[in-house]
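One-letter residues, chain by chain:
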Amino acid sequence: MKNIEKKKYHILNNIISTIILIVFIFLENLYFSVFTKSNFKNIIDNLPKNSYLYIKNTLNKFYSNDVVDELTNSTEAEVSISNSTNESIELTDLNNTFINDNIDDSTGNNEQLIELPTSEEIIDEDNFEDTVFTKKKLKVETVSLDYFKNTLFIGDSRMVGFEIYMKIPEAMYFCYTSASVFNIFENEDDVAPIGKTKLYDLLTNHKFDKIYIMLGINNLQTNYYSHKKQYKETIDRIKKLQPQAIIYLIANLHVTDVLDPTKLHLTNENVNHVNEFIKDYADNIQTYYLDPNPMYDDENGNLKLELSTDNVHIHLVHYDKFLVYLLSNALVEDESTTSNIITPRS
Amino acid sequence: MIFSDLNFIFLFLPTFFLSYFIAGDNFKNVIIFLFSILYYIFGNLNNVINVYILIILTIINYLFLYNIFSESDNRIKSIKLYISVFFNILVIVILKSGLFLNTMPAGLSFYVFHYISIFIDVKNNNNFGKISFLRFAQYIIFFPKLLSGPITRYDLFEKTYSNKDISFDNFLKGLYIFAIGLSLKCILSDNIYNIINTINVYGYESISIFTAWVGMYSYTMNLYFDFAGYSLMAIGIAKSIGIVLPDNFNLPFLSKSVSEFWRRWHITLGQFFRDYVYIPLGGHCDHKNIYRQIVNIVVVWLLTGLWHGFKINYLLWAMLVCIIIIMEKTLLLKVYKKCDIIGRIIVIVLIPFTFLIFSIENINNLKLYILKLIDFSTIKSLRDFESILKSYYKVFIVGLLFMTHIPKLLFMKIYNCRYIMVIITIILIVLSCYMINVTNSDLFKYFTF
């Protein structure tokens, strides 16, 4: 009798475990199919954000820049219509900014751009008037390390590399990994000799003579317009807080042509797009654009393979060139110069 | 699917345990077998060909086994054995060379070694009963050891597999071991990998002598905790279902000589080469013929290097270890007997150096790194070292601590206190899962071998 019961018990157990097995296979299948779908959904969701660059890059191969700009603007407008109300307002605004920029560019009058910095609209007029910069006469000169006295370096992990390679005692470094224009005012950093501080506090409590900024690489996958807008706002805010400082906007260093399958946005095409608007924001009055990329690039405009292990960060020893570049592109006051529009040496 | 995958921890493993413990005794093996196949399939969804290779090789090798088993003539049996072993070595060589596949099928080296092991055992031991295909497949595909061992001999596996010691106590103890293995991999190994990653970003030409030494020990710890963690997870899962798998690591850094170190590190691979290569070649039985011993050691280490991959750094690594072991056999062991601290120092200094060679594939980079280990001129600027120390000193110190026997002693003291162990297990699993989410937990290093 006991044996029969035991046998029944075993059969029941086997049936239950078979059912569990089937349910498990079903769940796994379901999970993987959902997972695949969610991946697909992510791509679809991000498509409008990235579509501008993709479309522009593709069209560039076939049409001239003017035609491409026209076409991509209309594409972006279409995207904004398909989005929710709030988003569409933001995108449309950004689009308008872009169109205005294009109009300025199309006139070919770069000086007009420099004399009327776009920051005017955002910065408090009175404070901005206090800027002594427009009256300064500057010239490019090769200087010694003393130049970095009372200097602030702001940047991401690539600037951290510079900090590690060359910690200039008189200078301060507000650099941390994953820094971007979206979080540079949010996060704290351990700044020697002060200790942990936020950028806002640092800029309000100290007066710097020069500020070097290299930001942008961590937002290559961010919406191009949001990034452009945020970059402008960040720089304007720094200008407002440090009206006396010469601000150097350093172009983002290129990456190698080896693509990381998990970071497909890390391409020099995207880096160049960001560098383009950084260059545009250099008013050559208070903000100046520096592009150290030619020192590190190969003939195709990619970071030389031998200079980096992870294809993004250059090895520390190669920051010696970077330092020399900064020293030989330093702006100093010049009594003899009449014009205040200066382009650093390439 | 790897053991440190959240899908494995929270979906696969609980379902497996549930099915396994509900199933009747005669159905448990079927559950293990089915889940083992599913485990390999889910782990190779992007490379389904790997699943076909495993299935086809298992069928072919069973035919080889059947042939060897049913042959009564010893001479022909030996010929059949040689053919089977040669076939399997050829398979490893072809698939590792990358001629046909871009990536080697996961666990290939390990399951092929299981084939070879069972052939030789069946040929040498006439007491083996008839092995059914299902049991052979269960031995090969048993999922806790399928991808990276421990390499288990068939007789030992059969003994534990047919007499499973299933109990709630064993289940819990298995989970403790699994949790410890998981935390070694996800909390220690993956964090220590960040040090290596940072050094790579700095570039070997940029680092100072101290960073180079920290990096050398980081490479060693990363490899150790990664593989020891994996082995513990495999042993833990098997223990939970009442199966005993052999230990793969036994505090190797406490060894008094490099020879002893290799008896405590990847124990089952060492035993495989000892039993199936070193001893058949003559081993160390002939004490008078030291040259013969040296040749045997060289053959074993040459095979060990090649087994890891056809790369120059693996060969250099194997040859360096081989030279140290030969020096110990001929000279150093006598010195160690008088003063064992010398042996310990050699283990602590030379073993990480050998693992450095093992880890850096590019020979130019390797040269550069080795030069940095003795580049005293870099002492002038230690900014890179300060930066690494500032970011990683905690994990580095904990890593060094876990290379000693102190954590194991503490663990053994509380091993039988169920409540404390359950709490620790939960904490370790939660922490590990958190680390899996925040860090880029990579594959286990030994999956590539």
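Residues numbered from 1 in each chain as written. Chains lettered and ligands numbered in written order. Predicted model: local features only at pLDDT ≥ 70, side-chain atom pairs only at ≥ 80, totals over all residues.

Colleague: Got a sec to walk through the overall build of chain A? Specific residues and values, please.
Modeller: Summing up its helical and strand segments, chain A has 11 helices and 9 strands in all. For chain A, the residues scored as buried account for 32% of the 346 residues in total. Considering only intrachain contacts with a sequence separation of at least 6, the fraction spanning at least 24 residues in chain A is 70%. (Helix = DSSP H or I, 4+ residues; strand = E, 2+ residues; numbered from the N terminus. Buried ≥ 20, exposed ≤ 12 C-beta atoms within 10 Å, placed from the backbone. Contact = placed C-beta atoms within 7 Å.)

Colleague: Pulling in residues and values, what's your account of the overall build of chain B?
Modeller: A count of helices and strands for chain B gives 19 helices and 0 strands. Its C-alpha atoms give chain B a radius of gyration of 23 Å, near enough to 22 Å, the size a compact globule of 449 residues would have. In chain B, which comprises 449 residues, the share counted as buried stands at 41%. Look at the contacts in chain B between residues 6 or more apart in sequence, and 76% of them connect residues 24 or more apart. (Rg over C-alpha atoms; globule rule 2.2 N^0.38 Å.)

Colleague: Talk me through the packing of helix 3 (residues 48-70) of chain B against helix 5 (residues 108-124) of chain B; I want residue IDs and the actual numbers.
Modeller: Residue and element names in this part refer to chain B. Relative to each other, helix 3 and helix 5 sit at 10°, their axes nearing to 10 Å. Between helix 3 and helix 5, the angle is such that the two are roughly parallel. Counted together, Leu54, Asn61, Phe64, Leu65, Ile68 and Phe69 of helix 3 and Tyr111, Tyr115, Ile118, Phe119, Val122 and Lys123 of helix 5 form the full contact between these two elements. Tallied by class, the residues present in the contact of helix 3 with helix 5 amount to 10 nonpolar, 1 polar and 1 charged. (Axes fitted to C-alpha atoms, helices over the stretch in contact; angles between N-to-C directions. Parallel < 35°, antiparallel > 145°, perpendicular 65-115°, else oblique. Nonpolar A, V, L, I, M, F, W, Y, C, P; charged D, E, K, R; others polar.)

Colleague: Talk me through the packing of helix 9 (residues 168-202) of chain B against helix 19 (residues 418-438) of chain B; I want residue IDs and the actual numbers.
Modeller: Residues and elements named next belong to chain B. At a minimum axis distance of 8 Å, the contact between helix 9 and helix 19 shows a crossing angle of 35°. Where helix 9 crosses over helix 19, the handedness of that crossing is left-handed. Here Leu172, Leu175, Tyr176, Ala179, Ile180, Leu182, Ser183, Cys186, Ile187 and Asp190 of helix 9 lie close against helix 19, whose contacting residues are Arg418, Met421, Val422, Thr425, Leu428, Ile429, Leu431, Ser432, Met435 and Ile436. When the residues that make up the contact of helix 9 with helix 19 are grouped by side-chain class, the tally is 15 nonpolar, 3 polar and 2 charged. (Left-handed = near helix turned anticlockwise from the far one by under 90°.)

Colleague: Describe the sheet that holds strand 8 (residues 287-290) of chain A, naming the residues involved and giving the relevant values.
Modeller: Residue and element names in this part refer to chain A. Strand order in the open sheet formed by 5 strands is 3-2-6-7-8, with parallel pairing between adjacent strands. If you trace the sheet from one side to the other, it starts and ends with strand 3 (172-175) and strand 8, each paired once. Ignoring strand direction, the axes of neighbouring strands in this sheet form an average angle of 20°. In this sheet, strand 8 lies alongside strand 7 (residues 246-250) in parallel orientation, the contact comprising 4 bridges. Looking at the pairing, Leu249 lines up with Tyr289 of strand 8. Those strands touched by helix 8 (residues 224-241) are strand 6 (210-214), strand 7 and strand 8, and its axis lies near 160° from that of strand 7. (Pairing = 2+ DSSP bridges.)

Colleague: Give me the nonpolar core: which residues, what numbers.
Modeller: Core analysis: the largest hydrophobic core is formed by 172 residues, its most contacted members being Ile154, Ile213 and Leu249 of chain A together with Phe119 of chain B. Once residues lying within four places of it in the same chain are set aside, the contact partners of Phe119 of chain B are Phe64, Leu65, Ile68, Leu81, Ser84 and Val85 of chain B. (Core = buried A, V, L, I, M, F, W, Y, C linked by C-beta atoms within 7 Å.)

Colleague: Can you explain the pairing of strand 5 (residues 195-198) of chain A? Please cite residues and give values.
Modeller: Residues and elements named next belong to chain A. Of the pairings in the sheet, the one linking strand 4 (residues 188-191) to strand 5 comprises 4 bridges and is antiparallel in character. Within strand 5, the position partnered with Val191 by the bridge is Gly195. Hairpin connection between strand 4 and strand 5: a loop of 3 residues separates the two successive antiparallel strands.

Colleague: Any details on the domain arrangement of chain B? Residues and values, ideally.
Modeller: Residue and element names in this part refer to chain B. When cut into domains, chain B gives domain 1 (6-166) and domain 2 (170-441). A C-alpha centroid distance of 27 Å is found between domain 1 and domain 2. Listed per partner, the contact involves 24 residues of domain 1 and 23 residues of domain 2. Across the side of domain 1 that touches domain 2, the residue classes tally to 13 nonpolar, 7 polar and 4 charged. (Domains from an automatic or database assignment.)

Colleague: Outline helix 17 (residues 383-402) of chain B, supporting the account with residue identities and numerical values.
Modeller: The end-to-end C-alpha separation of helix 17 of chain B is 28 Å, in line with the 28 Å expected for 20 residues at 1.5 Å each. Of all the bends found along helix 17 of chain B, the most pronounced is centred on Tyr392 of chain B and spans about 70°. Asp384, Phe385, Ile388, Val395, Gly399 and Phe402 of chain B are the residues of helix 17 of chain B that are buried. Contact partners of the buried residues in helix 17 of chain B: helix 6 (157-165) of chain A together with helix 9, helix 10 (209-240) and helix 18 (406-414) of chain B. (Expected span 1.5 Å × (residues − 1). Bend = angle between axes of the 7 residues up to and from the residue.)

Colleague: Tell me what's going on with unusual backbone geometry, and back it up with residues and numbers.
Modeller: The linkage connecting Ala192 of chain A with the following residue, Pro193 of chain A, adopts the cis geometry, with an omega of 0°. Even without a glycine there, the phi angle at Asn150 of chain A is positive, about 65°. By secondary structure assignment, the location of Asn150 of chain A is in the loop between strand 1 (138-141) and strand 2 (151-155). Of note, the phi angle at His266 of chain B is positive, near 45°, even though the residue is not glycine.

Colleague: Summarise the environment of Ser36 of chain B; cite the residues concerned and give the values.
Modeller: All names here are of chain B. Along the chain, the position of Ser36 falls in helix 2 (residues 25-43). Ser36 sits 107 residues away from Phe143 along the chain, and the two C-alpha atoms are 4.6 Å apart. Leaving out residues up to four positions away in the same chain, Ser36 has contacts with Ile141, Phe142, Phe143 and Leu146.

Colleague: For the environment of Ile314 of chain A, give the residues involved together with the corresponding values.
Modeller: All names here are of chain A. Within the secondary structure, Ile314 sits in the loop between helix 10 (293-296) and helix 11 (319-328). Sequence spacing of Ile314 and Leu303 is 11 residues, and the spatial spacing of their C-alpha atoms is 8.5 Å. Apart from residues lying up to four places away in sequence, Ile314 is in contact with Gly161, Leu253, Tyr296, Leu307, Ser308 and Tyr319.

Colleague: Hey, could you go over the confidence of the model for chain B for me, with residue numbers and the actual values?
Modeller: Residues with a pLDDT of 70 or more make up 96% of chain B, whose mean pLDDT is 88. Prediction confidence for the complex, expressed as pTM and ipTM, is 0.76 and 0.74 respectively. (pLDDT = per-residue confidence, 0-100.)

Colleague: Summarise the confidence of the model for chain A; cite the residues concerned and give the values.
Modeller: All names here are of chain A. Of all residues in chain A, 57% attain a pLDDT of 70 or more, and the chain-wide mean is 70. No element of chain A has a lower mean pLDDT than helix 4 (residues 110-115), which averages 30, and none a higher one than strand 6, which averages 94. Scored below 50 in pLDDT, residues 34-65 makes 22 contacts in the model with residues more than four places away or belonging to other chains. Contacts from residues 70-132, a stretch scored under 50 in pLDDT, to residues over four places away or in other chains number 57 contacts.

Colleague: Requested: an account of the environment of Thr378 of chain B, with residues and values cited.
Modeller: Residues and elements named next belong to chain B. Structurally, Thr378 can be placed in the loop between helix 16 (363-373) and helix 17. Look at Thr378 and you get partly exposed, because 17 C-beta atoms sit within 10 Å. Considered as a pair, Thr378 and Ser206 are 172 residues apart in the sequence and their alpha carbons are 9.1 Å apart.

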